[in-house]
Structures are given as structure tokens and as C-alpha cells.
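Examining the three-dimensional arrangement
As a plain string of letters, each chain reads:
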Amino acid sequence: MKLKLLAVFLLSFSVLVQTQAQQRRPSGGGYGTQQPRYDSAIAKLFGKNTAFAADVVMEMKSESAGMTMPGKISFLDGKSRFEMNMANAKGSSLPPQAAEQMKAMGMAEIISITRPDKKEQYLVYPGLKAYAAIPSTDAQSADGAPKADDLKKTELGKETINGHPCTKYKVLLKDDAGSEHETTIWSASDLKDFPIKIEMTNEGVPSTLTFNNVKFDKPAESLFNPPADFQRYNDPNTMMREAMMKRFAPPGGTQPPPQGKAPQK
């Protein structure tokens, strides 16, 4: 199991994430069944901070491309909520006019909700008034509490990040499959040792998460449920396919004749 936190920001199932989709696309074409989710291994980095909300900026950089995506995170006892808008993404990885295309299709705004207690993740698209419910295989406990041996931290020094005094650590992070992953965090001593900066390698690409405006007020429980009036789908592919059909359906709902053939009278 790999660390999937950063992949959450790239959920679009469209040309906006061509490079990410190629990594998950089976040889037969189309999109695979593996969906990004909030991995419990990352949740362990937050330590005893089990209730908070913050702004977050994700940056991915490779030798050939880069991407920056701002968003918001809410976290409560293992449950998480990410809010992002693809229209705000910037970087050379973005195909021209991709954000405008997604906005026109109602797919630019995305909310990812993870519920370890229900063993489900929800991909919510407010512009479509719909969401996809994806079964989670994550073995995270319902309360999100890390085990004592899940983290091995080595202090690297002291630094100031965005005005916050921090201790920099190298962290060996054990996921639910027992594999270890190395990451670097900056824990802010004036914010309950919250890791306001996280550096890691995701899918072979160096990535950084930077948190701002961290609030430790308990988020509302309602944030971690999809809207009751939104249509539920059991997989994102079906949701996206129906959204595309509605978007590009001809006036009146009639289907165009096959290419090269005149309509029958």
C-alpha cells in the first residue's frame, strides 16, 4: 500500500490529470478500479491532533513538470475531508484550458471524504450534485489512533516555517501492510507539534504539503457525510460516464446517427 494523500488532490478522471491517470490505467484502456484515498499511514503523522481544520497547499515537482494545488482539510477522530477546486490549480502539468473544461462540466470542485469507521470513501462533486461511494480496504482504526511502533522519528534540527518555531524530523512511517516509508516533517511547537510541513515522495514524484491557518476547534460531524440530496453512485466511473453523457447529449435527447450514415426517414 502506497501513501495516497497527495493523490487526493488529483481526482478528476479527465484530461486535467492525464499523467496521473496513465499511472493507474490498465493495458486494456480506460481507468482502473484503484481509487486514491486518504491513507491511514499519513493520518499517523498528525499524532495526538485528532481534531483540526486548516488550509493546505500541495506542490508536486518532477524534472519535467510541476503542479500546485490549494485546498482545505478537516480532520476528526480518523475521519477526513479534503476540499479542492481544480480551477485554482497551477503548473506546467496542466493541459491548456483543462480547468475551464472541468468547470464547464461541473467537475472542477471536488470533495474527498474518508470514513474509516464505515470503511468507505466518498468522492463528492457539488457541480454534479452527485457522489461516488468507494469501499475502503484501509485497516485504519475507527478512532485513527496510531500505534506506538508505527513511527520512528529522528530529529534533524530546528527551523522556522511561516513564523512557527519547528523541529525537523526524519520519519520512518509504517503503513498497514507493514512497509516503511520515509518522510520529513516540521512539527510546530506553538501548534501542539502539528506537522505544518510534510515532504515525501509520492508515486516517485517529490511532493510537499504546507498547512496554514490551523485551527483545533472540533469540526462539525456533518462535514464528514455526503449531502443527503445528492445522487449516490457505487463507483466513480459510472458517475463520470453519466455526467459526460448529460453534458454532450444532443438537444431533445436524441442520439446522432452513426458517422457516415444519413438518418433514416
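These numbers were taken from a predicted model, which means no experiment stands behind them. (Residues numbered from 1 in each chain as written. Predicted model: local features only at pLDDT ≥ 70, side-chain atom pairs only at ≥ 80, totals over all residues. Heavy atoms only, no water.)

So, on to the pattern of salt bridges. All told, the structure shown has eight salt bridges when counted by the stated rule. Between K72 and D55 there is a salt bridge, and its shortest N-O distance comes to 2.8 Å. Highlighted residues: K72 in strand β2 (residues 66-76) and D55 in strand β1 (residues 51-61), separated in sequence by 17 residues. Between E159 and K168 there is a salt bridge; the shortest N-O distance is 3.7 Å. By relative accessible area, which is 32% here, E159 ends up partly exposed. Here K168 falls in the partly exposed class, since its relative accessible area comes to 21%. (Salt bridge = Lys/Arg side-chain N within 4 Å of Asp/Glu carboxyl O. Helix = DSSP H or I, 4+ residues; strand = E, 2+ residues; numbered from the N terminus. Buried < 20%, exposed > 50% of the residue type's maximum accessible area, 1.4 Å probe, protein only.)

Here the focus is the confidence of the model for the chain. In this model, the chain carries a mean pLDDT of 74, and residues with pLDDT of at least 70 account for 66%. Of the regions scoring below 50 in pLDDT, residues 1-38 engages in 113 contacts with residues more than four places distant in sequence or in other chains. Predicted confidence is poor over residues 141-146, with pLDDT under 50, and the contacts of this stretch with residues over four places away or in other chains come to 10 contacts. (pLDDT = per-residue confidence, 0-100. Contact = heavy atoms within 4.5 Å.)

Extensive coverage of strand β4 (residues 109-115) is indicated by the burial of six of its seven residues. Pairing of strand β3 (residues 79-85) with β4, which is carried by six bridges, proceeds in the antiparallel orientation. Among the inter-strand pairings, F82 is bridged to a residue of β4, identified as S112. Bridge analysis of β4 against strand β5 (residues 120-125) gives five bridges, and the strand direction is antiparallel. (Pairing = 2+ DSSP bridges.)

In this section: the side chain of T210. Residue placement: T210 occurs in strand β11 (residues 205-215). For T210, a relative accessible area of 13% translates into the label buried. Apart from residues no more than four positions distant in its own chain, T210 is found in contact with D55, V56, V57, N162, I196 and K197.

Ranked by size, the top nonpolar core spans 46 residues in total, and within it I73, F194 and F211 carry the most contacts. Tallying contributions element by element places β1 first for this core, with five residues. Not counting residues within four places of it along the chain, the set of residues in contact with I73 comprises F46, F52, A53, A54, V56, R81, F82 and F211. Grouped together as the second largest cluster of nonpolar side chains are 10 residues, I111, Y122, V124 and A133 included. (Core = buried A, V, L, I, M, F, W, Y, C linked by side-chain atoms within 4.5 Å.)

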